[in-house]
Amino acid sequence: MKILKKHSDVKPYIERVSSEADSHRNCFGFLPISVYEQLSKKNCLWILVNDKGDYVGHIMFSIAWKKYKITVNQTYILSEYRKSHFASQLINELKNWAEKHYITELHANVAADLKVANSFYNSMGFSAVMQKEGGETTQRLINVRIAYLNTPTLLNLFTHKITDFSYNQPINIYRKYVIDINILLDLIENRAYSNQVQELIKGSFNGSFKLLITHETHVEVSRNAKNPDPLAKLIANIPSLSLITNIENTKEYKNLEKLVFGKIDTATKSAVHKISDLKHLTYCILNNCTGFITRDKQLLNKAKILGKEFNLDIISPEELILNEDCLSNRDTTISLNDLNYKFINISDDSSIINDCLSNLQISRETVQLPAFDGIAIKQEAQSYLACALWPKTIISNRGTIAYIFSNTLCNHELLDHIIETIFRVIKSKKVRSIAIFTYGLIAHIDEVLKTRGFSQTTENNGMIKYSHLITDRIITENNWASFKQVVNDNMSLSLPENLTEYKELITNGILLKNKDYYNFFEFETKFSPSLIIPKNRDIYVVPIRNTYAKELIGDDFDIQRSLSLSNCKPALLKTEKAYFNKPGKGTIKKGSIIMFYVSAPIKCIIGIARVTYSNKLRCEEAMDMLTLQGVLEKDKLLEISKDGFIDVFTFDNFHQYNKNVDIKFLTTLGVGKNSFVTKFKINRENFLKICAQGGIYGK
């Protein structure tokens, strides 16, 4: 038996694959032959043949490179060849290939009523992590199954075991896709593929991802306008990326032109279409979008190289539906201490909001919001444990408020997750200040919010108000004056005229003009998550492997801005997180700034954080103190320990770069000297240049 992988070898078998899959619609559903062709061109359709070259079976999958995962869409063997382990051969070959390409997870969505298929995937190491509702037509339950691979991760360790703490999908974080105008025409003109476009629209409305257009779309419509024009009316209501003037003069545009089309002959009829495509793609890259949805065969054929060079998915509507689970609801199920908890997205017109507030003994009138969105926690069939509510409309660069209601049965990890959700929402809107209200004093929420720098006051109606001013992410002497003015205007605090050097700050602290004294670390915490970077502050580059970065920090580092919560540990929900390392020369001091460098496959610095604690501890002590803040199992800690000791630091205030900073840029600065295996110091000048390159400092 032989497995064919290249498109040129697979192409003669595509019609047979489509025919076999279509004859088993109960298992696979229906896909047009174009989907098989597209995935074959991406080498994602493999054919198993016998010695004579006859078709025996196939495996089809889709790759989300930026999420380091593969979704197995179909595994099929002809009936006369079954019970000979050929399906296992296909899966094992895919596992081996995936590990060599730094993929960390294989996913498979299997209808719960397909007992044979579930048994097979279970035997191949695909553990069922949750159930979700299938399509409206079939009304089936779908088992989401995941196999975790032995892909090298942090400190060359293998992926850790599946724990009792698992999540199924993102909360309130959007993947951003730009959609080609021709896809929208499928819907308006009721073409053959209009059903797929409807699924995309549903997925966008459900919040699974975000559909956008570019300014070039408006240009295309005006160029081919009809009267009346239903397409013009449609795109007028679709969110659009901001206009970039002279986009054709950017280096990204010029690099794309060489890579995709070569030199475009402007005298040809196709030139206008090619130039429009290049502008769409350039908008995607400059705005850190996840991908571009199109049916243009020339662009789809370039998908692999565009993904590698620009970290951009070129994907058809059908592929997106297969790979992104866009029709699944956004409710998240958490398994914690052998109990299942459900996170339910709610709003002011939700059918469950009254039950939720009633369970928590809260009057609807308590929520002083005209319209709101939120999230609620329910323990399986039991009553609601907690909820958070915030305005349906949040205006950028303004203040906003939120409410958190909870009963005493809601544990710390779940409350942490609620607070994290609120912060993700306001972070996406660039909110300048927030006030969080609780009904009475809730000890754990009080503790976490004060750790984040919130100030507490008691309102006349018995509500507790937590206030926080959100300022620039990085503050230096260059923007100290504006920071000082914002603080004075909003908090009536008169800061010193100038930002002095770090040594003086940690020795003497911050002395306000009214003679109040603040320890510098505590002062910085007051304005969390802002980081103040005076001269001579210690700054380190710290290496971390991609899987552990995902588990410790979240998937934000992969540009698409999503948290892949399918294999998450409690650390991801913590304000402070712990990083363990083999004992070495010297520890990183409390108050130092760290820059996380993610090695293979992306080789980029992804963001910065502040060290809140640092020490050399016995492994047992480290586990006792920090077990929920780190992501390494005890046996892995022991493997990297030395004489029973391990280095550890905790960090907070993680800031993801808007754009990952590639190793090539670092080497131009002389950073790292081509070695990023262990931590090393970096000077402030280069630190600020890297932060500017990452889009979180300067203009």
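Residues numbered from 1 in each chain as written. Predicted model: local features only at pLDDT ≥ 70, side-chain atom pairs only at ≥ 80, totals over all residues. Heavy atoms only, no water.

### A few points about the pairing of strand E28 (residues 645-662)
Of all the 18 residues making up E28, 14 are buried; the element is thus mostly covered by neighbouring parts of the structure. The sheet contact formed by strand E27 (residues 604-618) and E28 spans 12 bridges and is antiparallel. Across the sheet, residue Ile 608 finds its bridge partner in E28, namely His 655. (Buried < 20%, exposed > 50% of the residue type's maximum accessible area, 1.4 Å probe, protein only. Helix = DSSP H or I, 4+ residues; strand = E, 2+ residues; numbered from the N terminus. Pairing = 2+ DSSP bridges.)

### Notes on helix H9 (residues 215-223)
Along an α-helix, residues three or four positions apart point the same way, because every turn accommodates 3.6 residues. Of all the residues in H9, the buried ones are Glu 216, Thr 217, Glu 220 and Val 221. Looking straight down H9, one finds its buried side chains confined to an arc of 140°; they lie on one side. (Arc of directions from axis to C-beta.)

### Quick notes on the sheet that holds strand E11 (residues 313-315)
Reading across from one edge, E9-E8-E10-E11 is the order of the four strands in this open sheet, with parallel pairing throughout. With partners counted over all chains shown, the strands left at the sheet margins are strand E9 (210-212) and E11, one partner each. Adjacent strand axes in the sheet meet at a mean angle of 30° when their direction is disregarded. Sheet topology places strand E10 (residues 291-293) next to E11; three bridges connect them, and they run parallel. (Axes fitted to C-alpha atoms, helices over the stretch in contact; angles between N-to-C directions.)

### Re the packing of helix H2 (residues 14-22) against helix H4 (residues 33-41)
Relative to each other, H2 and H4 sit at 130°, their axes nearing to 9 Å. In terms of orientation, H2 and H4 fall into the oblique class. As for how H2 packs across H4, the hand of that crossing is right-handed. Facing Ile 14, Glu 15, Val 17, Ser 18 and Ala 21 of H2, the residues of H4 in contact are Ile 33, Tyr 36, Glu 37 and Ser 40. (Parallel < 35°, antiparallel > 145°, perpendicular 65-115°, else oblique. Left-handed = near helix turned anticlockwise from the far one by under 90°. Contact = heavy atoms within 4.5 Å.)

### Observations concerning the environment of Cys 387
For Cys 387, the location among the structural elements is in strand E15 (residues 384-391). Considered as a pair, Cys 387 and Leu 360 are 27 residues apart in the sequence and their alpha carbons are 8.7 Å apart. Once you skip the residues sitting within four places of it in the chain, Cys 387 turns out to touch Ile 346, Cys 356, Leu 357, Leu 360, Ile 375, Ala 376, Tyr 403, Ile 404, Phe 405 and Ile 418.

### Considerations on unusual backbone geometry
Most peptide bonds are trans, and most residues other than glycine sit at a negative phi. Its identity as a non-glycine residue notwithstanding, Asn 43 has a phi of 60°, on the positive side. Inspection of the secondary structure assignment puts Asn 43 in the loop between H4 and strand E2 (45-49). Backbone geometry places Asp 643, a non-glycine residue, at a positive phi of 55°. Position of Asp 643 among the secondary structure elements: in the loop between helix H24 (634-640) and E28.

### Things to note about the packing of aromatic side chains
This model, assessed by the stated rule, comprises 18 aromatic pairs. Taking 5.2 Å as the distance between ring centres and 65° as the angle between the ring planes, the aromatic pair formed by Phe 120 and Tyr 121 counts as edge-to-face. Tyr 121 matches Phe 120 in its accessibility class, with the two residues each being buried. By the ring-pair criterion, three or more aromatic residues cluster together here, those being Tyr 579, Phe 596, Phe 649, Phe 651 and Phe 654. Between Lys 590 and the ring centre of Phe 521, over which it is positioned, the NZ or CZ distance is 4.4 Å. (Phe/Tyr/Trp six-rings, centres within 6.5 Å; stacked < 30°, edge-to-face > 60°. Lys NZ or Arg CZ within 6 Å of the ring centre and 35° of its normal.)

### Describing the pattern of salt bridges
In total, this model carries 13 salt bridges according to the counting rule given. The partner of Lys 279 in a salt bridge is Glu 216, with the nearest N and O atoms 3.9 Å apart. Taken together, the residues Lys 279 in helix H12 (residues 271-286) and Glu 216 in helix H9 connect sequence positions 63 residues apart. Accessibility expressed as a relative area gives 5% for Glu 216, which makes it buried. The shortest N-O distance in the salt bridge between Lys 484 and Glu 497 comes to 3.7 Å. Here Lys 484 is found in helix H19 (residues 480-491), whereas its partner Glu 497 is found in the loop between H19 and helix H20 (502-508), with 13 residues between them in sequence. (Salt bridge = Lys/Arg side-chain N within 4 Å of Asp/Glu carboxyl O.)

### Brief notes about the side chain of Thr 612
Residue position: Thr 612 is located in strand E27. At a separation of 2.6 Å, a polar atom in the side chain of Thr 612 contacts the side chain of Thr 650. When sequence neighbours within four positions are dropped, the list of residues in contact with Thr 612 reads Phe 521, Glu 576, Lys 590, Thr 650, Phe 651 and Asp 652. (Polar contact = N/O pair within 3.5 Å; in protein donor to acceptor, adjacent residues only side chain to side chain.)

### Brief notes about the side chain of Glu 252
Following the sequence through the fold, Glu 252 ends up in helix H11 (residues 251-260). Those residues in contact with Glu 252, other than ones at most four positions away along the chain, are Thr 282, Ile 285, Leu 286 and Lys 659.

### Section: the confidence of the model for the protein
Of the residues in the protein, 83% reach a pLDDT of 70 or more, and the chain-wide mean stands at 80. Segment residues 152-174 is flagged for pLDDT under 50; beyond a separation of four residues in sequence, or across chains, it makes 106 contacts in the model. pLDDT under 50 marks residues 325-330. Its contacts with residues more than four places away, or in other chains, come to 26 contacts. (pLDDT = per-residue confidence, 0-100.)

### Concerning the state of the cysteines
By the definition in use, this model includes zero disulfides. Unpaired in this structure, Cys 289 has its nearest cysteine sulfur neighbour in Cys 284, at a distance of 4.9 Å. (Disulfide = S-S within 2.5 Å.)

### Focus on helix H18 (residues 443-451)
Within the span of H18, buried status applies to His 444, Ile 445, Asp 446, Val 448 and Leu 449. Looking one or two places after H18, you find Gly 453, whose phi comes out positive at around 95°.

### A word on the sheet that holds strand E26 (residues 593-598)
Spatial strand order, E25-E28-E27-E26-E24-E29: six strands in an open sheet with mixed pairing. Either end of the sheet is taken by a strand with one partner, and the two such strands are strand E25 (577-581) and strand E29 (680-681). Where E26 lies against E27, six bridges are found, and the strand directions are antiparallel. Residue pairing in the sheet places Phe 596 in a bridge with Gly 607 of E27. On the sheet, helix H26 (residues 684-693) packs against strand E24 (539-544), E26, E27 and E28 and is oriented at approximately 50° with respect to E28.

### Section: the packing of H11 against H12
H12 packs onto H11 with a crossing angle of 130° between their chain directions and a minimal axis gap of 9 Å. With respect to each other, H11 and H12 are oriented oblique. Here the hand of the crossing between H11 and H12 comes out right-handed. Facing H11, whose interface residues are Glu 252, Tyr 253, Leu 256 and Glu 257, H12 presents Ile 275, Leu 278, Lys 279, Leu 281, Thr 282, Ile 285 and Leu 286. Of the residues contributing to the contact of H11 with H12, the split by class is seven nonpolar, one polar and three charged. (Nonpolar A, V, L, I, M, F, W, Y, C, P; charged D, E, K, R; others polar.)

### Digging into the pairing of strand E5 (residues 105-111)
With six of its seven residues buried, E5 lies for the most part within the structure. Where strand E4 (residues 69-77) meets E5, four bridges bridge the pair, whose relative direction is parallel. When the bridges of E5 are listed, Lys 69 appears paired with Glu 105. What joins E4 to E5 is helix H5 (residues 86-100), and the crossover it makes is right-handed. Strand direction decides the pairing type here: E5 and strand E7 (residues 141-148), joined by seven bridges, are antiparallel. (Right-handed = clockwise from strand over helix to strand, strands pointing away.)

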